[in-house]
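Descriptive analysis of the structure
Given next are the chains, with one letter for each unit.
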Amino acid sequence: MSAIPESAPRKVFLETYGCQMNVADSELVGGVLHRHGYLRTQDPAQADVLLLNTCAIREHAEERVLGRLSELLQYKHARPSVQLGLLGCMASHLREHLLDRAPYLDVIVGPDGYRDLPSLLADGVDPRVDVRLDRDETYSDLTPDHGPGPRAWLTVMRGCDKFCTFCVVPFTRGRERSLPPDAVVAQVEAAVAAGKREVVFLGQTVNAYRADGVDFGGLLRRAAAVDGLDRIRFTSPHPSEVSDAMIAALADEPKVMPYLHLPLQSASDPVLEAMARDYTIAQYRALLGRVRDAVPGIAVSTDIIVGFPGETEEDFRATADFLEEARYDFAYQFKYSPREGTRAYKIPDTVSEAEKGRRLRQLIERQEEISLEVNQSQVGREVEVMVEGPARRPPDHVVGKTQSFKTTVFRDVGAKPGERVRVRVDSAGAHTLRATPV
Ligand code: 5AD
Ligand code: SF4
């Protein structure tokens, strides 16, 4: 199949919404289109193909994309040959219903259809919809076009079999499947050969990884053996899939960084049960304790949803109290958003928007204070930062991440992206550390 145009190369504008999996998928799509002769452009006015890689996790995410689509429509009005496409989770969530909202879409492609995107774009029939989910598609043979900087995002498993009752992902991304470990190692080696120094393994439940007899702990060990790779991270693990082997890799493999995202969602057992989260708060607490005992000083972040149907004031208090107890480094907090197709969608949404807002604000405010306190406890310590590039401000400063994934800004002493610099922490905000090279 040859989709390479005879005349000038076609230009593609690709914008990404949502999680890191989507960022990685866009790099995959970038690689696929690149190999078919497309050039990338950052300017939608220059593009022959405009693609949005979308997120369906909350209604707000979908509304943003629909707004953006109607903005991009101007380029199609200006030049009718321009193709407008929607990729990702919204494609599989809304399917052909998208055409009710955006009838001008030329292509609609779900997360398992990217391999055929060039032929869909070359095909004359309008609109082209491919939202089939594929139990086997892992794209393990395709090379992504990684973005700039020393970090490479690598998808090691796709899909989710957990079916938390609030979540649309098992429907938009389909069943769990893992890339063969040899393919993952080959991608790590390719990233290192391209100048990357850090990899982040991605998967919706990344620690459910299993392929060819290798589990997630084993995969971390395999990656750590790659020469030239300095740092390994991963996101997002599921609490009920955390194994001793994973904790051991965090504890004793120097390349596996001391940072864990451990989504809580709620600290009330009745809510956890209604969410089908597979753990009680006592089990989660014990797990967090085990991780912190094994990896002293490990940074931990979480996800929380407020206002799940049936969440009482008492349930909410349990979550607020658990924030005090857990002292997370950081928390991503959300108002519950009903998603069509999920089991929770059928439960009446009992918490008003205003009350959800109040609960959310209260947790965010408190977590900001905790994050600040946790970060301030780093002041005076020496830490290692991997440089990413120039800081936005102040001038002549660079920015990078500590081993525990804290954004750190310090004076430019000539370190290149990917280099690791030892610094002393001078001051700390809730989201950023300021430091001096030692
Ligand atoms: N409403 C609000 N938040 C949600 N999340 C997933 N589905 C929903 C929903 N319907 C949150 C969860 C998950 C994170 C990625 O997004 O906290 O861990
Ligand atoms: Fe959604 Fe739950 Fe799967 Fe995470 S584990 S993607 S929250 S269903």
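Every value quoted in this text rests on a predicted model; they were computed, and no experiment measured them. (Residues numbered from 1 in each chain as written. Chains lettered and ligands numbered in written order. Predicted model: local features only at pLDDT ≥ 70, side-chain atom pairs only at ≥ 80, totals over all residues. Heavy atoms only, no water.)

**What about the overall build of the protein?**
Counted only if it meets this: Counting from the N terminus, the helices are DSSP H or I runs at least four residues long and the strands are E runs at least two residues long. Restricting the calculation to C-alpha atoms gives the radius of gyration, and the globule rule supplies 2.2 Å times the number of residues raised to the power 0.38. Here the term buried applies to any residue with accessible area under 20% of the maximum for its type, exposed to any over 50%, and partly exposed to those in between, with areas from a 1.4 Å probe on protein chains only. The contact criterion used throughout is that any non-hydrogen atoms of two residues lie within 4.5 Å.
A count of helical and extended segments in the protein gives 13 helices and 21 strands. In terms of C-alpha radius of gyration, the protein reaches 22 Å, essentially the compact-globule figure of 22 Å for 438 residues. Over its C-alpha atoms, taken along the principal directions, the protein stretches across nearly 60 × 55 × 50 Å. The buried share among the 438 residues of the protein stands at 55%. Of all intrachain contacts in the protein linking residues separated by at least 6 positions in sequence, the fraction that spans at least 24 positions is 71%.

**Points about the site of ligand 1**
The cut-off we apply is this: A single heavy atom is enough: if one lies within 4 Å of a molecule or strand, its residue is considered near that molecule or strand. Counting of polar contacts relies on pairs of N or O atoms within 3.5 Å, with two restrictions inside protein: one atom must be capable of donating a hydrogen and the other of accepting it, and residues adjacent in sequence are counted only when both atoms are side-chain atoms. Here the term charged refers only to Asp, Glu, Lys and Arg, the term nonpolar to Ala, Val, Leu, Ile, Met, Phe, Trp, Tyr, Cys and Pro, and the term polar to all other amino acids, Gly among them.
With respect to spatial proximity, the complete set of residues near ligand 1 consists of Ile57, Arg58, Phe166, Gln265, Asp303, Ile305, Phe334, Lys335, Tyr336, Ser337 and Arg339. In the model, a nitrogen atom of ligand 1 is placed 3.0 Å from a nitrogen or oxygen of the phenylalanine 166 main chain. One of the backbone nitrogen or oxygen atoms of serine 337 is found 2.8 Å away from a nitrogen atom of ligand 1. Of the residues in the shell around ligand 1, the class split is five nonpolar, two polar and four charged.

**Considering the layout of surface pockets**
Under the convention used in this document: We place a 1 Å grid over just the protein atoms. Points where a 1.4 Å probe fits but has no way out form a cavity, open points with protein on both sides within 12 Å along at least 5 of 7 lines form a pocket, and any residue with an atom within 4 Å of a point lines it. Grid points are joined across faces, edges and corners, and a volume is the space filled by probe spheres set on the points. The source of the domain bounds is an automatic or database domain assignment.
Of the volumes computed, that of the second largest pocket is approximately 360 Å³. Lining the second largest pocket are 19 residues, and of these Gly297, Ile298, Gln378, Arg381 and Ser404 sit closest to its centre. Sorting elements by how many residues they give to the lining of the second largest pocket places strand S17 (residues 382-390) first, with three residues. A per-class count over the lining of the second largest pocket returns six nonpolar, five polar and eight charged. Looking at the lining of the second largest pocket, you find at least three residues from each of domain 3 (267-377) and domain 4 (382-437).

**Re the side chain of glutamate 253**
Going by this rule: Only four residue types enter the charge count, namely Lys and Arg as positive and Asp and Glu as negative; His and the chain termini do not. Salt bridge, as used here: a side-chain nitrogen of Lys or Arg that lies within 4 Å of a carboxyl oxygen of Asp or Glu.
You can see glutamate 253 is positioned in the loop between helix H9 (244-252) and strand S14 (259-261). The buried charged residue glutamate 253 lacks any salt bridge partner; its closest oppositely charged side chain belongs to arginine 221, at an N-O distance of 4.2 Å. The residues touching glutamate 253, leaving out its near neighbours within four places in the chain, are Arg221, Ala224 and Ala248.

**Notes on the domain arrangement of the protein**
Stated precisely, the cut-off is as follows: Two parts lose some accessible area (1.4 Å probe) when they are put together, and adding that loss for both gives the buried area.
We note that the domain assignment places domain 1 (10-130), domain 2 (134-257), domain 3 (267-377) and domain 4 (382-437) within the protein. Relative to domain 3, the C-alpha centre of domain 1 lies at a distance of 33 Å. Across the contact, six residues belong to domain 1 and five residues belong to domain 3. Buried area between domain 1 and domain 3, both sides added, is near 470 Å², and the carbon and sulfur share of it is 46%. Ranking the residues of domain 1 by area buried against domain 3 places Arg58, Glu59 and His93 at the top, with a combined share of 82%. Along the contact surface separating domain 1 from domain 3 lie one salt bridge. Between glutamate 62 and arginine 339 there is a salt bridge, with its nearest N and O atoms 3.4 Å apart.

**Quick word on the pattern of salt bridges**
Any two side chains of opposite charge can pair, on the condition that their charged atoms come close. The final tally for this structure, using the stated rule, is 38 salt bridges. Here arginine 132 and aspartate 130 are joined by a salt bridge, their closest N and O atoms 3.2 Å apart. Arginine 132 gets classed as exposed once you look at its relative accessible area, which sits at 61%. Among the salt bridges present, the one from arginine 151 reaches glutamate 198, with a minimum N-O distance of 2.6 Å.

**Considerations on the packing of helix H11 (residues 281-294) against helix H12 (residues 313-326)**
This is how the line gets drawn: Angles shown run from 0 to 180 degrees and are taken between the N-to-C directions of axes, each axis being a line fitted to C-alpha atoms and, for helices, limited to the stretch in contact. Each angle gets one of four labels, with under 35 degrees taken as roughly parallel, over 145 as roughly antiparallel, 65 to 115 as roughly perpendicular, and the rest as oblique. Handedness of a helix crossing follows the sense of rotation of the near helix relative to the far helix, less than a right angle counterclockwise being left-handed and clockwise being right-handed.
Between H11 and H12, the shortest axis-to-axis distance is 12 Å and the interhelical angle comes to 15°. As far as their axial angle goes, H12 and H11 are roughly parallel. For H11 against H12, the interelement crossing comes out right-handed. Facing Ile281, Tyr284, Arg285, Leu288 and Arg292 of H11, the residues of H12 in contact are Phe322, Glu325 and Ala326. Of the residues contributing to the contact of H11 with H12, the split by class is five nonpolar, no polar and three charged.

**Quick look at the sheet that holds strand S19 (residues 407-411)**
For clarity, the threshold we go by: Pairing between strands is defined by DSSP: at least two bridges between them are needed.
Taken in spatial order, the five strands of this closed barrel run S17-S18-S19-S21-S20, and their pairing is mixed. Within this sheet the neighbouring strands show an average axis-to-axis angle of 50°, counted without direction. The pairing of S19 with strand S21 (residues 432-437) spans four bridges and is classified as parallel. For phenylalanine 410, the partnering residue across the bridge sits in S21 and is alanine 435.

**Quick notes on the site of ligand 2**
Around ligand 2, the neighbouring residues are Cys160, Lys162, Phe163, Cys164, Phe166, Cys167, Val169, Pro170, Gln204, Thr205, His238 and Arg277. Its residues assigned to classes, the shell around ligand 2 shows seven nonpolar, three polar and two charged.

**Considering the environment of leucine 66**
Among the secondary structure elements, leucine 66 is positioned in helix H2 (residues 59-78). Once the C-alpha coordinates of leucine 66 and methionine 275 are considered, the two residues, 209 residues apart in sequence, prove to be 28 Å apart. The contacts of leucine 66, once residues within four sequence positions are left out, are Met90, Leu98 and Arg101.

**Some thoughts on the side chain of serine 178**
Locating serine 178 in the fold gives a position in strand S9 (residues 177-178). Residue serine 178 is classed as buried on the basis of its relative accessible area of 17%. Looking at serine 178, its side chain comes within polar contact range of the main-chain nitrogen of arginine 210, at 3.1 Å. With residues up to four places along the chain from it excluded, the contact list for serine 178 reads Thr138, Val156, Met157, Tyr209, Arg210 and Ala211.

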